[in-house]
Amino acid sequence: MTKPAKRTQKDKIGIYIKRQAWVLFILIIDVWILDAIWLDSELTVTKSAAIGALLSFTTQAVFAFFIFWHTGYRARQHIVSQLYRGQMAKWLLAVLGFALIFITVQPLSAPALFIGFMVMQISHSWMLWHIR
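Residues numbered from 1 in each chain as written. Predicted model: local features only at pLDDT ≥ 70, side-chain atom pairs only at ≥ 80, totals over all residues. Heavy atoms only, no water.

Quick look at the nonpolar core
Turning to step 1, where the next piece is worked out: Judged by nonpolar contacts, Leu 24, Leu 27, Val 31, Val 45, Ala 49, Ala 53, Phe 57, Ala 112 and Met 120 together constitute the single largest core of 9 residues.
Turning to step 2, where the next piece is worked out: Tallying contributions element by element places helix H2 (residues 44–67) first for this core, with 4 residues.
Turning to step 3, where the next piece is worked out: Among all residues touching Ala 112, those that are not within four sequence positions of it are Val 45, Ser 48 and Ala 49.
Turning to step 4, where the next piece is worked out: Counting 6 residues, the second-largest nonpolar core is a separate cluster that includes Leu 55, Val 105, Leu 113 and Phe 117. (Core = buried A, V, L, I, M, F, W, Y, C linked by side-chain atoms within 4.5 Å. Buried < 20%, exposed > 50% of the residue type's maximum accessible area, 1.4 Å probe, protein only. Helix = DSSP H or I, 4+ residues; strand = E, 2+ residues; numbered from the N terminus. Contact = heavy atoms within 4.5 Å.)

Some words on a nonpolar patch on the surface
Turning to step 1, where the next piece is worked out: Taken together, Trp 22, Phe 25, Ile 26, Ile 29, Trp 32, Ile 33, Leu 34, Ile 37, Trp 38, Leu 39 and Leu 43 make up a surface patch of nonpolar side chains, about 1200 Å² in accessible area.
Turning to step 2, where the next piece is worked out: Here Trp 22 is to be found in helix H1 (residues 10–39). (Patch = residues over 30% accessible without salt bridge, like charges linked within 9 Å, V, L, I, M, F, W, Y side chains within 5 Å. Areas by Shrake-Rupley, 256 points an atom, 1.4 Å probe, with all protein chains shown as cover. Salt bridge = Lys/Arg side-chain N within 4 Å of Asp/Glu carboxyl O.)

Focus: the environment of Ile 29
Turning to step 1, where the next piece is worked out: Tracing the chain through its elements places Ile 29 in helix H1.
Turning to step 2, where the next piece is worked out: Residue Ile 29 is classed as partly exposed on the basis of its relative accessible area, which comes to 30%.
Turning to step 3, where the next piece is worked out: Taking the C-alpha atoms as reference points, Ile 29 and Thr 46, separated by 17 residues in sequence, lie 8.5 Å from one another.

Focus: the UniProt feature "transmembrane region" (unreviewed entry) in the chain
Turning to step 1, where the next piece is worked out: The positions that UniProt labels "transmembrane region" (unreviewed entry) are, in the present scheme, residues 21–39, 51–69 and 89–106.
Turning to step 2, where the next piece is worked out: Counted over residues 21–39, helix gives 100% and strand 0%. Its end C-alpha atoms are 25 Å apart.
Turning to step 3, where the next piece is worked out: For residues 89–106, helix accounts for 89% and strand for 0%, while the C-alpha atoms at its two ends are 26 Å apart. (UniProt positions renumbered as here; feature names shortened; annotations may be inferred.)

Thoughts on the side chain of Thr 44
Turning to step 1, where the next piece is worked out: When you line up the elements, Thr 44 lands in helix H2.
Turning to step 2, where the next piece is worked out: In contact with Thr 44, other than residues within four places in its own chain, are Asp 35, Pro 107, Leu 108 and Ser 109.

Here you go:
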């Protein structure tokens, strides 16, 4: 016998997105302290890591918005289509965001930008893993 599906955990996702904002804030503070004490790069590393982390946070929030646009059993086909749309919007926003960052932001530390982005992606994955 199968179990019925769990109800949408929309409220938990909102809580985890708020926690991600704290992770973003802590990441920026940590990189700023590291930059001020050890690197002396005139905040280039801090700015780059913060922009990368903020891009990751924004793309994940857009994805969550798309996913939870529709809820309920009757909207199951809309939910699946929104999943695809959300993923495409997330990737498009990330690609355009990186392009815009590389074109407009000078000076920029590319390794710090990608590290900030990856740290937030790992943090998103870790937090979503705990929702189960």
